[in-house]
Amino acid sequence: FTTRGSNIVGDVETLRKVSRQEYLKKREANKLKELGESIEDGEYLYKGVKLTEVEYNRLSYEKKIYELATKHEAATHHDHDHDQYYRIPEPYDDHEGGVNQEKRFSVALQRCWDDDLNGRDNKSNQFAEQKAWEDQQIGKATLKFGSKNKRRKCDEEYDFVFEDQIEFVKKSVLLEGDQMIANGNVDVGKVQPSHQLDKLREERKTLPIYTFRERLLQDVEKNQVLIIVGETGSGKTTQIPQYLHEAGYTKGGKKIGCTQPRRIAAMSVAARVSQEMGVKLGHAVGYSIRFEDCTSEKTVLKYMTDGMLLREFLVEPDLASYSVVMVDEAHERTLSTDVLLGLLKDIARYRPDLKLIISSATLDAEKFSDFFDSAKILRIPGRRYPVDIHYMEAPQADYLDAAIVAALQVHVTQPPGDILFFLTGQEEIETAEEIFKHRTRGLGTKISELIICPIYANLPTELQAKIFEPTPEGARKVVLATNIAETSLTIDGIKYVIDPGFSKMKSYNPRSGMESLQVTPISKASSMQRAGRAGRTGHGKCFRLYTSYNYDSDLDDTTVPEVQRTNLANVVLTLKSLGIHDLVNFEFMDPPPCEALLKALELLFALGALNKVGELTKVGRRMAEFPVDPMLSKMIVASDKYKCSDEVISIAAMLSTGSSIFYRPKDKQVHADTARLRFHSGNVGDHIALLKVYNAWKEANYSTQWCYENYIQVRSMKRARDIRDQLERLLERVEIKLSSSNDLEAIKKAVTSGFFPHCVRLQKNGSYRTIKHPHTAHIHPSSGIMALEHHLLPRCVLYHELVLTTKEYMRQVTEIKPEWLVEIAPHYYQLNG
Ligand code: ADP
Ligand code: MG
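Residues numbered from 1 in each chain as written. Chains lettered and ligands numbered in written order. Predicted model: local features only at pLDDT ≥ 70, side-chain atom pairs only at ≥ 80, totals over all residues. Heavy atoms only, no water.

## Regarding the overall build of the chain
Of the regular secondary structure elements, the chain holds 30 helices and 25 strands. Here the chain holds 833 residues, and the buried ones make up 57% of them. In the chain, the share of contacts with a sequence separation of at least 24, taken over all contacts with a separation of at least 6, comes to 76%. For the chain, the computed accessible surface area is about 36400 Å², with 50% contributed by carbon and sulfur atoms. (Helix = DSSP H or I, 4+ residues; strand = E, 2+ residues; numbered from the N terminus. Buried < 20%, exposed > 50% of the residue type's maximum accessible area, 1.4 Å probe, protein only. Contact = heavy atoms within 4.5 Å. Areas by Shrake-Rupley, 256 points an atom, 1.4 Å probe, with all protein chains shown as cover.)

The following block contains the structure:
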């Protein structure tokens, strides 16, 4: 048993071991005998030779790589662009295995198509397994608090907060060890500054971190890596970079970088710090987020998303222009943060002058310290008052409604203090805003004024500042926030927290490669953080919209790090382009599941970004230049071949705005729908419709008026324009000429070149099934395909993304011709005959 050509993955021994049982099952399905493998008494045999589990894992892994590579090579044999980057495959001592797998694959694929056509249900083992996995996932997602408990007495609509009360029970008081300090709160209001800057300067001195200034600077000087733990609001994000700047770390043209998991936090904190320093945002203090760079040559304090720093490694692999990098909010454990930690640990070895600060709001500092070879931990005690925790006595059917009733209840019964309300996303926040308005309308002076402040990722900058404005006397502020307010942003004056217990999370099925967003119950750690927000300025209260039984039995202790529940294709591509080939040995704090890593490699192979020894191809190198997911960047790179890069980057920009393009005001839905359908005439599909919107807006001279007339969100369009400008500049960088085409088929083919893994076929019952995996989804009602009159569902479509609400829906859908798949991705869709 030899393993040749293993340079792709390095030492497979460190591959996370998939359970033995799972392997056994899989092997059974693959007909072991044909592969020369067998299992006897739980031992793995390969051509009669006994293997250890490690060897076995390695064999499986390499076989997979080999299989992908062979298929890929067969398919791209005549593609000159690829040829020059190809190596002759290393001989593998089981050629038959490859061939057999190949054959089986085609047969299986053929069977899928046949079954589709005959409407038969395929119930092979593999499919049943998939189904079980999905059921389990769906079970998790739809876990409703309190299904086990008694239901609410009355379920009907209620109009009045005073008539419908929600019963809460006070169960516990949140106090964490020595974290509570009930005094020492300097009354900022008493400071009488001569002007704004003085006032801010005084305010800075009242932050808990201020007394630690000297110690912090000493610790940074003496240690290369320092872990900082401190309560949210203690001043870590805004003060530490300033202290370091004041202490001279920005001399000699060096920068201090501070990463944030969220765009809005990076922007808002940079704005605050520039005010505190009395400089213009974008000059000495700036921020950099995807598609938006607000920095200049003079910038010395740079706030940025973790993803942006990751991209900076591509240009400056040793981060030479930085003297300090602070990875803030490390406890969030986003995918980019985790990858950054690994990369930073690596470069710190040969950049002894680089200082690393890892800051976290939670107490699990030891884990970070261990990761950085027992790095020193500095704990900053927060200013924390007790928080009473109230649980719901009985669960509520509709948590949003219950939450609003609870908030109004607080408003009419509780002493002054603002309310912080945690919701799952923009849509929910907008709905809540409407319900609030509806419920308080007509109450007039019966209740005092409620100021509703939403905050979510896509909120325009001018409105972001509003949440920080002090509440006028006699009024009460209700901040409707996403997870953003859990630790990234601190809003002063919050005394009441309303926590429905949910957040939106990405989930990923590594088997099918399907990723979707779903509303999921939060972890205990998150709910503690949320409650803590109520105790910053005084004794606070937290109302949890679930029972204490739910808390104890339904919530996980901590949130699973993103690296273990996401699609890794983007990260793998980034690491590969950084020259890190040995992904298995890459130092992750928590390694990703082996299956997800394989899936990522598989996708990158299929997209032509990697060659068979796992190296970046020219296509892959170009793809890595674009700060978008690999399928999207492949679509852009492929547009070169179809001579339609101009159109394709418009589509890519429209798909990347992160918010909806069309809007449908309640009172004008018919008008809005009619306006929207105009872009769909000729049943062109959602991608082309987006292009038409963009072009029409451009023709109207980017007019705001035009947007109003056509029920288009101006903000989204402006963002699309910015993104498009950037993509155009990047095209130049990868030497793709801007070329324009009127041929819609060519444009759709370019889209297909990136999104062929997202192709689905119509089933008898009107749903769609992915071609390679038995995964069922439906076209989202918002798609133009569903809106057209007398529509006939197309036989074969591709989609941009999946969202899980009541069903699994595909968003942004375009009809394609099945023949294209064989033409564009024969290695992925091989058909017999
Ligand atoms: P930490 O990072 O430890 O959570 P921060 O440095 O973010 O703390 O916050 C310190 C203080 O600065 C808080 O009292 C917060 O309210 C204030 N602050 C932060 N950002 C802003 C902003 N954009 N506008 C007004 N105040 C802010
Ligand atoms: Mg912070």
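Back to the text.
## Quick notes on the site of ligand 1
The immediate surroundings of ligand 1 are formed by 15 residues, with G233, G235, K236, T237 and T238 found nearest. For ligand 1, a nitrogen atom lies 3.4 Å from a polar atom in the side chain of S268. At 3.1 Å, a side-chain N or O of R272 approaches a nitrogen atom of ligand 1. Sort the elements by how many residues they give to the shell around ligand 1 and helix α8 (residues 236–246) lands first, with three residues. Among the residues making up the shell around ligand 1, the classes are represented as two nonpolar, eight polar and five charged. (Near = heavy atom within 4 Å. Polar contact = N/O pair within 3.5 Å; in protein donor to acceptor, adjacent residues only side chain to side chain. Nonpolar A, V, L, I, M, F, W, Y, C, P; charged D, E, K, R; others polar.)

## So, the confidence of the model for the chain
On average, residues of the chain score 78 in pLDDT, and 76% of them are at 70 or above. Here helix α4 (residues 95–118) stands out as the least confident element of the chain, with mean pLDDT 31; strand β10 (residues 322–327) is the most confident, with 98. Residue range residues 1–24 is modelled with pLDDT below 50. Its contacts to residues more than four positions away, or to other chains, number 57 contacts. Under a pLDDT of 50 for its full length, residues 176–193 has, in the predicted model, 27 contacts with residues more than four places off or in other chains. In the predicted complex, the global pTM is 0.76; the interface-specific ipTM is 0.98. (pLDDT = per-residue confidence, 0-100.)

## A closer look at the sheet that holds strand β8 (residues 292–294)
Ordered by their spatial adjacency, eight strands build an open sheet running β8-β7-β9-β6-β10-β11-β5-β12, and the pairing between neighbours is mixed. Of all the strands in the sheet, the pair left with one neighbour each is β8 and β12 (376–380). Within this sheet the neighbouring strands show an average axis-to-axis angle of 20 degrees, counted without direction. Across four bridges, β10 lies against strand β11 (residues 355–360) in parallel orientation. Bridge pairing in β11 places V325 opposite L356. (Pairing = 2+ DSSP bridges. Axes fitted to C-alpha atoms, helices over the stretch in contact; angles between N-to-C directions.)

## Re the state of the cysteines
With the rule as written, the count across this model stands at zero disulfides. Distance from the sulfur of C453, which forms no disulfide, to the nearest cysteine sulfur (C542) is 19 Å. (Disulfide = S-S within 2.5 Å.)

## Some words on the environment of K171
Here K171 is to be found in strand β4 (residues 168–174). In sequence terms K171 and G620 are 449 residues apart; their C-alpha atoms lie 55 Å from each other. In this structure, K171 is in contact with I389, Y391 and S548, ignoring residues within four places of it in sequence.

## Structural notes on the pairing of strand β14 (residues 418–422)
Of all the five residues making up β14, five are buried; the element is thus mostly covered by neighbouring parts of the structure. Of the two faces of β14, the one carrying D418, L420 and F422 and the one carrying I419 and F421 are both buried. Across four bridges, β14 lies against strand β17 (residues 494–499) in parallel orientation. The residue bridging L420 from the neighbouring strand is V497, located in β17. As defined by bridge partners, β14 adjoins strand β16 (residues 476–481) across four bridges and the pair is classed as parallel. Within the sheet, the bridge partner assigned to F422 lies in β16 and is A481.

## Considerations on the pairing of β16
With six of six residues buried, β16 is to be regarded as a mostly interior element. Residues R476, V478 and L480 of β16 are buried on one face, and the alternating residues K477, V479 and A481, pointing to the opposite face, are buried as well. Here six bridges tie strand β15 (residues 450–455) to β16, and the two strands are oriented parallel to one another. By the bridge assignment, L450 is partnered in β16 with R476.

## Considerations on the side chain of S753
One can find S753 in helix α28 (residues 744–755). Look at S753 and you get buried, because its relative accessible area is 5%. Not counting chain neighbours up to four residues away, the residues in contact with S753 comprise L607, K634, A638, Y642 and I824.

## Here's the deal with the packing of aromatic side chains
Going through the model one piece at a time under the given rule, you end up with 12 aromatic pairs. Seen from their ring centres, F371 and F372 are 5.1 Å apart, and the 85 degrees between their planes marks the pair as edge-to-face. On the basis of an interplanar angle of 80 degrees and a centroid distance of 4.9 Å, the ring pair of W697 and Y702 is categorised as edge-to-face. According to the relative accessible area criterion, W697 is buried, its value standing at 1%. One aromatic cluster in this structure is built from Y391, Y546 and Y551. Sitting over the ring of Y551, K524 keeps its end group 5.7 Å from the ring centre. (Phe/Tyr/Trp six-rings, centres within 6.5 Å; stacked < 30°, edge-to-face > 60°. Lys NZ or Arg CZ within 6 Å of the ring centre and 35° of its normal.)

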